[in-house]
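Breakdown of the fold
Read off the chains here:
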Amino acid sequence: MQVVIRPQDIPPQGRHFDFDLDSSQLNERVAEVRKVADHQSLMPPSYVFNSAPKASLKVYRRGNSVEIHGSLFGAYSTPCSRCAEDTEVKLDVPVNITLEKSAGKEGEQDDVAIGYYVGEEIELQSVVEEFAVLALPFSVLCSEGCKGLCTSCGANLNSEMCACPPAEGDERFAVLRGLKIQ
Ligand SMILES: [Zn+2]
Ligand SMILES: [Zn+2]
């Protein structure tokens, strides 16, 4: 489902658009972004939008430029950076962008608040997807106090205590090691 606007059809007072994003299209876009090698080690292994985020936008035309203001909200799941449990994260981001008409190819974008459109139509979902992608965090914790996984046996320390000795170099236990009687 595409939400296509034609800038010349936008009335002077602007027009309101409410729509659900196509979550499979969004998930594909997010997966593409994750493939960029530089980011791979910094980002969680996946972000999945299980339901369609909603966009609520007001679109204005200023000459050949189109201003888009509104918000995007929904939720996605991603593994906790410490224990890898799937964690649901709320997405609620403002959308503010001016799209300028470009005669040729899409220009290099150095300002996220300004974009370009080519031709007579603008596909709103792809404009809004960019804001979802930019809002994704580099790490997510299932809770502030997540204890993570045991580095020896892989047990989830939030739900079980394992019998492994404290790992070497774990600073939480460094004090205790210092107290050992020789
Ligand atoms: Zn966790
Ligand atoms: Zn263990």
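Everything that follows concerns the structure shown earlier in this document.
As a starting point, this report considers the structure included with it. This structure is a prediction, so every number in the text was calculated from the model and none was measured.

Re the sheet that holds strand 3 (residues 54-62)
Taken together, five strands build an open sheet; the order of strands is 2-3-4-5-6 and the sheet is mixed. Each edge of the open sheet is held by one strand with a lone partner, namely strand 2 (15-20) and strand 6 (114-118). Going across the sheet, the axis of each strand differs from the next one's by a mean of 35°, ignoring polarity. Both strand 5 (residues 86-102) and strand 6 contribute to a ladder of five bridges, which runs parallel. Looking across to strand 6, one finds that K101 is bridged to Y117.

Describing the environment of E100
With respect to the helices and strands, E100 occurs in strand 5. The spatial distance from the C-alpha of E100 to the C-alpha of R62 is 9.5 Å, given a sequence separation of 38 residues. Those residues in contact with E100, other than ones at most four positions away along the chain, are N64, S65, I114 and Y116.

Topic: the pairing of strand 4 (residues 65-79)
Bridging between strand 3 and strand 4 involves nine bridges; their strand directions are antiparallel. Bridge assignment links K54 to a residue of strand 4, and that residue is F73. Between strand 3 and strand 4, which pair antiparallel in sequence order, lie two residues; one of them, G63, sits at a positive phi of approximately 65°. Two elements, strand 4 and strand 5, share 14 bridges in a ladder whose sense is antiparallel. Directly across from H69, in strand 5, lies its bridge partner N96. Hairpin connection between strand 4 and strand 5: a loop of six residues separates the two successive antiparallel strands, and A84 in this loop has a positive phi of roughly 70°.

A short note on the packing of helix 1 (residues 23-35) against helix 3 (residues 124-135)
Two elements in contact, helix 1 and helix 3, have axes separated by 10 Å at closest approach and are oriented at 50°. Accordingly, the angle class assigned to the pair helix 1 and helix 3 is oblique. The two elements helix 1 and helix 3 meet at a crossing, and its hand is right-handed. Listed contacts from helix 3 to Q25, L26, R29, V30 and V33 of helix 1 are Q125, E129, A132 and V133. Along the lines of polarity and charge, the residues of the contact of helix 1 with helix 3 split into five nonpolar, two polar and two charged.

A short note on the nonpolar core
Judged by nonpolar contacts, the single largest core of 19 residues is most densely connected at L124 and V128. Mapped onto this core, the elements with two or more residues apiece are helix 1, strand 3, strand 4 and helix 3. With five residues, helix 3 is the single largest residue contributor to this core. L124 has contacts with V3, I5, F17 and L57, leaving out every residue within four places of it along the chain.

Parameters at a glance
Residue positions are counted from 1 within each chain, in the order its sequence is given. To label them, take the chains in the order written and letter them from A, then take the ligands in the order written and number them from 1. The predicted origin of the model limits local features to residues at a pLDDT of at least 70 and limits the giving and counting of side-chain atom pairs to 80 or more, whereas totals for whole chains, interfaces and linings rest on all residues. One bridge is not enough; two strands pair if DSSP finds at least two bridges between them. A run of H or I in DSSP counts as a helix once it spans at least four residues, and a run of E counts as a strand once it spans at least two, with each numbered from the N terminus. Whenever a helix is involved, its axis is fitted only over the stretch in contact; in every case the axis is a line through C-alpha atoms, and angles between N-to-C directions fall within 0 to 180 degrees. Here the contact rule is simple: place C-beta atoms from the backbone, and any two residues whose C-beta atoms are within 7 Å are in contact. For classification purposes, an angle smaller than 35 degrees is called roughly parallel, one larger than 145 roughly antiparallel, one from 65 to 115 roughly perpendicular, and anything else oblique. Crossings are classed by handedness, with left-handed meaning an anticlockwise turn of the near helix from the far one by less than a right angle and right-handed meaning a clockwise turn. The classification used treats Ala, Val, Leu, Ile, Met, Phe, Trp, Tyr, Cys and Pro as nonpolar, Asp, Glu, Lys and Arg as charged, and all other residues, Gly among them, as polar. In this usage, the nonpolar core is the set of buried Ala, Val, Leu, Ile, Met, Phe, Trp, Tyr and Cys residues whose C-beta atoms join them within 7 Å. Three exposure classes are used, based on other C-beta atoms lying within 10 Å of a residue's own C-beta, which is placed from the backbone: buried for 20 or more, exposed for 12 or fewer, and partly exposed in between.

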